[in-house]
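Fold and contact review
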Amino acid sequence: MNAKTKTAAAVTLGLAVAAFTGYGLWQAGQPAPEVFQGQMEAREADIAPKLSARIAQVLVKEGDQITVGTPLVRLDSPEVAAKMAQATAAQAAAQAVASKAEHGARPQEIEMARLTWQRAQTAAELADTSFRRVEGLAREGLIAMQKRDEADANRKASRDQALAAKAQYDMARAGARPEDQAAAAAQARQVAGVVAEVQAVQAETELKSPVAGEVAKVLARVGELSPQGVAVVSVVDLSDQWVVLNVREDRLQRFAVGTEFDATLPALGEQTVRFKVYANSALPDFATWRATRAGQGFDVRTFEVRARPVTALPGARPGMSVLVKNL
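1. A closer look at the confidence of the model for the protein
Per-residue pLDDT for the protein averages 80, and the proportion of residues at 70 or more is 80%. Note that pLDDT drops below 50 for residues 26–30; the model gives that stretch zero contacts with residues more than four away or on any other chain.

Below, the structure written as structure tokens:
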């Protein structure tokens, strides 16, 4: 290689080094891409019993996949069992009263009322005949008028007694009044409602899941007294997940509702996922304070941005980090 060739090679190498150095300096002078970090969240349900009772059995453990209606915890409540016995007995009594009012008197009672009426009717006819005889004798002066008056009073009393016996017989045949039947039926329905209420409470002694998902936490322990309304099992629905980002308002335009963006999840091997913003709301605290010019400035607020994956995201779990580059 001659001197001229060596000189040209040296110049070329020097230009390459200079260009590489210049590019590196230019790259170093460029601002680094802004990265927003958020985390995945999912719909979580805290399931609590409606009554206070002692925990008899825990039927699930953390990590179990469950469906709607899966039994979670069984409770032991002697008080509910006692109330059920009382309500069932009251229902039987009220139903018996309603049936009695509906069917009326028994055939034997109706027959007794008929015979009593016939006996009273026969006595009334005899009293009337006796009165006519005594009245004839009184007109002839054979007996005192006092006897005639006594016979007349006995005739009227026997007649009235026969009418009363007839009314009793008619009432026995007609049965209970419609008002009494309606009252007895209403009482039976009221007690049936009490039984249904106790049955609903009794059903709560077996706590079932109202949602499907994965058991996240089991707080119940066998033998413990579970207070009313205190969660014993937490279930997370991994099919309903979203990402939450805290974005300053001067960057919010990038995350307007309805827009889509790409993000990566380090826990899934830097997998790129497409998200779509469905909500954003202002947080109560300020992100930072930035002055625009001397003596004046404005407070930059932080907005909470929520976005769901455009497609299903297998393997994602609540709490995973999500990185978004604002290019």
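2. Quick word on the pattern of salt bridges
The full count for this structure, using the stated rule, is 18 salt bridges. For lysine 50, the salt bridge identified is with glutamate 204, shortest N-O distance 4.0 Å. Placement of the pair is lysine 50 in the loop between strand S1 (34–47) and strand S2 (53–58) and glutamate 204 in the loop between helix H5 (178–203) and strand S5 (206–208), with a sequence separation of 154 residues. Between arginine 274 and aspartate 262 there is a salt bridge, with the nearest N and O atoms lying 3.0 Å from each other. Remark: aspartate 262 occurs in strand S9 (residues 260–265) and arginine 274 occurs in strand S10 (residues 271–293); sequence separation between them is 12 residues. Here the salt bridges share partners, and the residues they tie into one network are Asp128, Arg132, Asp152, Arg155 and Lys156.

3. Some words on the environment of leucine 268
Positionally, leucine 268 belongs in the loop between S9 and S10. Note on leucine 268: relative accessible area 21%, which makes it partly exposed. For the pair leucine 268 and alanine 316, spaced 48 residues apart in sequence, the C-alpha separation works out to 7.5 Å.

4. Observations regarding the nonpolar core
Most often, soluble globular proteins keep nonpolar side chains buried together rather than apart. Membership of the largest hydrophobic core comes to 21 residues, with the highest contact counts inside it found for Phe255, Phe261, Leu265 and Phe275. For this core, the secondary structure elements donating two or more residues are S1, strand S8 (233–248), S9, S10, strand S11 (296–309) and strand S12 (321–326). In this structure phenylalanine 255 touches Phe36, Leu245, Val247, Phe261, Val277, Asn280, Val305 and Val324, once residues within four positions along its chain are discounted. Formed by 19 residues, the second largest nonpolar core is a distinct cluster that contains Ile66, Val73, Leu207 and Val233.

5. Comments concerning the side chain of threonine 205
With respect to the helices, strands and loops of the structure, threonine 205 is situated in the loop between H5 and S5. For threonine 205, a relative accessible area of 16% corresponds to the buried category. At a separation of 2.4 Å, a polar atom in the side chain of threonine 205 contacts the main-chain carbonyl oxygen of glutamine 202. Aside from chain neighbours lying at most four places away, what touches threonine 205 is Leu51, Val73, Arg74, Leu75 and Ser77.

6. Looking at the sheet that holds strand S4 (residues 71–76)
The four strands are arranged S5-S4-S2-S7 in an open sheet whose pairing can be described as antiparallel. Every other strand in the sheet has two partners, leaving S5 and strand S7 (225–226) as the edge strands with one partner each. Note: S2 against S7, two bridges, orientation antiparallel. Residue pairing for S7: arginine 54 is matched across the bridge by leucine 225.

7. Quick look at the packing of aromatic side chains
In this description, a pair of aromatic rings is defined by centroid distance and the angle of the planes. One pass over the structure, following the stated rule, counts three aromatic pairs. Aromatic side chains phenylalanine 36 and phenylalanine 255 sit 5.2 Å apart centroid to centroid with 85° between the ring planes, which places their arrangement in the edge-to-face category. Here phenylalanine 36, found in strand S1, pairs with phenylalanine 255, found in the loop between S8 and S9; they are 219 residues apart in sequence, far enough to count as distant. The same class applies to phenylalanine 36 as to phenylalanine 255, namely buried. Here the aromatic rings of phenylalanine 255 and phenylalanine 261 are separated by 5.3 Å at their centres, their planes lie at 80°, and the arrangement is edge-to-face. Residue placement shows arginine 308 over the ring face of tyrosine 278; its charged tip is 4.2 Å from the ring centre.

Criteria and thresholds
- Residue numbers restart at each chain and count upward from 1, following the sequence in its written direction.
- Side-chain atom pairs in this predicted model are given and counted only at pLDDT of 80 or more, local residue features only at pLDDT of at least 70, and totals for whole chains, interfaces and linings cover all residues.
- Only hydrogens and water are removed before side-chain values are computed, so all heavy atoms of the structure are retained for them.
- Looking at any residue, its pLDDT shows the predictor's confidence there, from 0 to 100.
- The contact criterion used throughout is that any non-hydrogen atoms of two residues lie within 4.5 Å.
- Throughout this description, the term salt bridge denotes a Lys or Arg side-chain nitrogen within 4 Å of a carboxyl oxygen of Asp or Glu.
- Only DSSP runs of H or I reaching four residues or more are called helices, and only runs of E reaching two or more are called strands; each is numbered from the N terminus.
- The buried label goes to any residue with under 20% of its type's maximum accessible area, the exposed label to any with over 50%, and the partly exposed label to all in between, with areas taken from a 1.4 Å probe on protein chains only.
- Throughout this description, the term nonpolar core refers to a set of buried Ala, Val, Leu, Ile, Met, Phe, Trp, Tyr and Cys residues connected via side-chain atoms within 4.5 Å.
- In protein, a polar contact means a hydrogen-donor-capable atom and an acceptor-capable atom, both N or O and within 3.5 Å, with residues adjacent in sequence counting only if both atoms are side-chain atoms; elsewhere, any N or O pair within 3.5 Å suffices.
- Think of it this way: DSSP has to see at least two bridges between two strands before they count as a pair.
- Each aromatic pair joins two rings of Phe, Tyr and Trp (for Trp, the six-membered one) with centres within 6.5 Å, and gets the label stacked for planes under 30 degrees apart, edge-to-face for over 60, and tilted for any other angle.
- Charge-over-ring placement is defined geometrically: NZ (Lys) or CZ (Arg) within 6 Å of the ring centre, and within 35 degrees of the ring normal.

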